[in-house]
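# Coordinate inspection notes
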Amino acid sequence: MRCLLIVLDSVGVGHAPDAADYGDAGADTLGHLFATTSLHLPALWSLGLGRIMGVDGAPSAASWGRMRPRSAGKDSTTGHWEIAGVELAQPFAVFEHFPPELVQAIEAEAGIRFIGNLPASGTQIIAELGGEHCRTGRPILYTSADSVLQIAAHESVVPVERLMEICTIARRHADRWRIGRVIARPFTGQEGDFHRTPRRHDFAMQPPPTILDALDRAGLPVKAVGKTADLFAGRGITTSWPTASNADGMRRIEAVWKATREGLVFANLVDFDTEYGHRRDAQGYARALEEFDRWLARFLPACTGQDLLIITADHGNDPTFRGTDHTREEVPLILRHAERQSPLGTREGFVDVAATLAGYFGIGSWPVGRSLLP
């Protein structure tokens, strides 16, 4: 028995009931993309996406529904942890500027001094401070609307291995402040033409026990593609394949799936979020979705009737919405297994995925959530 779980990072399908609490009332990532672009997703539509979007009579060659977030927060770590069976009552901490006690503790242990310590997009901050960084050798410290502490450095100034050491130290100190992720952001290029490289690495907080741990204890392989392993700090993961892009991720999914006889393949495709959602690029977001849809049409025959395929998301990031932050949204839910074609309704939590995996693999019930399978 094997399952492929694909998370389309940030592909929300409409604001959650509590979206106003997050300033996100009216957000609708996929709905607004359909309304403002020529988006065409025939493979996903055939699996029930039209039904998810409220189109009566749309095809449904799989089971379809929505999931409503229950955890506090709207970031990738929170969303993935909830998918894996963990509800967070308290959100991760978000900062405009990191406290001097935290910054000084990292600097003292790592033997460095930062520049920056302000909220900014990754491309903006290296454009503004990259030259100073190259002249002084001081890493760039910045954050965003998420619970992230990001450290950027030019690969020829601070080698990637050294940047990872600094981020490992930062992770230890960030735990006390409930910061969800420390992110290493290497870049290259010349002043006026800096660009980030794919050697990013996320250092997440250690999660509580998840369904991944349960599968691992049961002797079932858990294979991670993309940034999945980073989001769980490697916990419960048997093997991992980081990826440089959605295209790289889709190629990797194919190869890993072909070599998998049992267990879970848990993949994240992040470009929707990082390259298009945060940059408010609706046309680019639509093109990336269409690229995935074409790949999915070719890939689906590799999933047999007894395989379990789940396609969902972790939060929203409406490229037509104000600001550049994630948006608090419900997420799509497509489940393909044993030719079932039934409505799954609106689920009261992403944790239903963890309950489904527990039942499918026969490892007992999960303490929260309800299985999507009979």
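Shown above is the structure to which this text applies.
As the structure is a computational prediction, the values presented were derived from the model and not from experiment.

## Some thoughts on the packing of aromatic side chains
Inspection of the entire model under this criterion finds ten aromatic pairs. Ring centres of Phe 272 and Tyr 285 lie 5.9 Å apart, and the angle between their planes is 25°; this geometry places the pair in the stacked category. On the criterion of sequence distance, the pair formed by Phe 272 in helix α10 (residues 271-277) and Tyr 285 in helix α11 (residues 282-299) is long-range, its members being 13 residues apart. A single burial state applies to Phe 272 and to Tyr 285, both of which are buried. The interplanar angle of 15° and the centroid separation of 4.7 Å between the aromatic rings of Trp 295 and Phe 299 together place this pair among those described as stacked. With a gap of four residues between them, Trp 295 and Phe 299 both fall in helix α11, about one helical turn apart. Just as Trp 295 is buried, Phe 299 falls in that class too. Just above the ring of Trp 257 sits the side chain of Arg 2; from NZ or CZ to the centre is 4.0 Å.

## A look at the nonpolar core
Residues Ile 211 and Phe 292 are the most contacted members of the largest nonpolar core, which totals 81 residues. Among the elements that line this core, the one with the most residues is α11, at nine residues. The residues contacting Ile 211, other than those within four sequence positions of it, are Ala 84, Ala 354, Leu 357, Ala 358, Ile 363 and Trp 366. Leu 102, Ile 106, Ile 151 and Ile 169 belong to the second largest nonpolar core, which has 26 residues in total.

## Regarding the packing of helix α4 (residues 100-110) against helix α6 (residues 160-174)
For the pair α4 and α6, the least separation of the axes is 9 Å and the interaxial angle reads 135°. By the criterion of interaxial angle, the relationship of α4 to α6 is oblique. Seen along the crossing, α4 lies across α6 with a hand that is right-handed. The residues of α6 that touch α4, namely those facing Leu 102, Ala 105, Ile 106, Glu 109 and Ala 110, are Arg 162, Ile 166, Ile 169, Ala 170, Arg 172, His 173 and Ala 174.

## Some thoughts on the packing of helix α2 (residues 42-52) against α11
Across the interface, α2 lies against α11 with an axial gap of 7 Å and an inter-helix angle of 70°. In terms of orientation, α2 lies roughly perpendicular with respect to α11. On the side of α2, the interface is formed by Pro 42, Ala 43, Leu 44 and Leu 47, while α11 contributes Phe 292, Asp 293, Leu 296 and Ala 297. For the contact of α2 with α11, the per-class residue count stands at seven nonpolar, no polar and one charged.

## A short note on the environment of Leu 269
Locating Leu 269 in the fold gives a position in strand β11 (residues 263-269). Sequence separation of Leu 269 and Ala 247 is 22 residues, and the distance between their C-alpha atoms is 8.7 Å. Leave out the neighbours within four places in its chain, and Leu 269 touches Ile 6, Val 7, Leu 8, Asp 9, Asn 246, Gly 249, Met 250, Ile 253 and Phe 292.

## Here we look at the sheet that holds strand β14 (residues 343-347)
Strand order in the open sheet made by the eight strands is β10-β9-β11-β1-β12-β13-β2-β14, with mixed pairing throughout. With partners counted over all chains shown, the strands left at the sheet margins are β10 (239-241) and β14, one partner each. With strand direction ignored, the average angle separating the axes of adjacent strands in the sheet is 15°. Pairing geometry for strand β2 (residues 63-67) and β14, over four bridges, is parallel. In the strand pairing of β14, Arg 66 is matched with Thr 346. Sheet strands touched by helix α9 (residues 246-258): β1 (2-8), β9 (222-225), β10 and β11. Its angle to β11, the strand with the most contacts, is close to 170°.

Cut-offs used in this document
Residues numbered from 1 in each chain as written. Predicted model: local features only at pLDDT ≥ 70, side-chain atom pairs only at ≥ 80, totals over all residues. Heavy atoms only, no water. Phe/Tyr/Trp six-rings, centres within 6.5 Å; stacked < 30°, edge-to-face > 60°. Helix = DSSP H or I, 4+ residues; strand = E, 2+ residues; numbered from the N terminus. Buried < 20%, exposed > 50% of the residue type's maximum accessible area, 1.4 Å probe, protein only. Lys NZ or Arg CZ within 6 Å of the ring centre and 35° of its normal. Core = buried A, V, L, I, M, F, W, Y, C linked by side-chain atoms within 4.5 Å. Contact = heavy atoms within 4.5 Å. Axes fitted to C-alpha atoms, helices over the stretch in contact; angles between N-to-C directions. Parallel < 35°, antiparallel > 145°, perpendicular 65-115°, else oblique. Left-handed = near helix turned anticlockwise from the far one by under 90°. Nonpolar A, V, L, I, M, F, W, Y, C, P; charged D, E, K, R; others polar. Pairing = 2+ DSSP bridges.

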